[in-house]
Amino acid sequence: MRHVLRGLRLGTAALCLVCTLTLPTPATAQEVGVAARVNGADISVFRLERHFEDYLKLQARNVAAIRNPEVFKRLKREALDQLIDKELLWQESQRRGVKIDDAAVEQARKGIEAGFATRDAYERRVRDAGFNEATYAEYLRHELAASRTLQDLAGMPEVSDDEVRRTLEREPAPEGMPEAEAKRQVREYLVVSQRAEAGHSALQKLRSGAKVDVMQKF
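First things first, this report covers the structure right here in the doc. Residue indices follow the written sequence of each chain, beginning from 1 at its first position. With the structure being a predicted model, the display of local features is reserved for residues of pLDDT at least 70 and the display and counting of side-chain atom pairs for 80 or more, all residues being used for whole-chain, interface and lining totals. The side-chain values count all of the structure's non-hydrogen atoms but skip hydrogen atoms and water molecules.

Counting its regular elements, the protein chain contains eight helices and three strands. Counting from the amino terminus, the protein chain carries its helices and strands in the arrangement α-β-β-α-α-α-α-α-α-α-β. For the protein chain, with 218 residues in total, the buried portion stands at 40%. Residue contacts follow a heavy-atom distance rule, with two residues in contact if any of their heavy atoms lie within 4.5 Å. Across the protein chain, contacts joining residues at least 24 apart in sequence account for 79% of those joining residues at least 6 apart. Helix and strand definitions follow DSSP, with helices as H or I runs of at least four residues and strands as E runs of at least two, each counted in order from the N terminus. When accessible area is computed with a 1.4 Å probe and restricted to protein chains, residues below 20% of their type maximum are described as buried, those above 50% as exposed, and intermediate ones as partly exposed.

Encoded structure:
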């Protein structure tokens, strides 16, 4: 059952990985150029550097503590792959006609602002990251559209009672856990893991039909 619970956490993270809403980290003036191009759309080095810091924070990694250059390169390529996936999903959202209304954007913005001690601290971070109110709202709209598209591509699988039973036979519930609760957790795990797998397959399909050029050297 421990593997089920761990899988539930990892599966949820995998499905939401490209959809995480953050306020990008400020970039320096030296960060110029194009890191990758996706169907003709540029992903700038500026954007990669901002996202890389957020990517490390989500993994509880400190860039200054990464001593192995190969590990650093691998993590940075993973961050770039996330941005490529985001761009593919955004482009797919446009093909599908996905619309994100202003209310959804504002709700996401308020959720991010709530993570700051004061309104001034939030607004300062927005400015330092190179946004104004309008451009940050548009950034969030893109993120939300990509997120919704990934959720649509992943779908909602139906998990049978037999699948739940077989999983519990392989990984029994902890002693004392009510049967109904064990079944609920296993069913949730199976749904999340199957959706994560479906999302990954959908992204691979988008990549296979896209022209992706990576300029950043690793």
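Right, picking up where we left off after that structure.
Where two aromatic rings form a pair, the distance of their centres and the angle of their planes describe that pair. Aromatic rings from Phe, Tyr and Trp, taking only the six-membered ring of Trp, are treated as a pair when their centres fall within 6.5 Å; an angle between ring planes under 30 degrees marks them as stacked, one over 60 as edge-to-face, and anything in between as tilted. With the rule as written, the count across this model stands at six aromatic pairs. An angle of 65° between the planes, with centres 6.5 Å apart, marks the rings of Tyr122 and Tyr136 as edge-to-face. With a gap of 14 residues between them, Tyr122 in helix H5 (residues 119–128) and Tyr136 in helix H6 (residues 133–154) connect regions that are remote in the sequence. For the pair Tyr122 and Tyr136, one class covers both residues: buried. Between Phe131 and Tyr139, the ring centres sit 5.3 Å apart and the planes meet at 45°, which makes this aromatic pair tilted.

Bridge count for strand S1 (residues 34–38) against strand S2 (residues 41–44) is four bridges, and the pairing is antiparallel. Residue pairing in the sheet places Ala36 in a bridge with Ile43 of S2. Where S1 folds back onto S2 in an antiparallel hairpin, the turn is made up of two residues, including Asn39, whose phi is positive at roughly 50°. Strand direction decides the pairing type here: S1 and strand S3 (residues 212–214), joined by three bridges, are antiparallel. Pairing of Arg37 across the sheet is with Asp213, part of S3. When DSSP locates at least two bridges between a pair of strands, those strands are taken to pair.

Bear in mind that shape data such as this cannot, by itself, settle questions of function.
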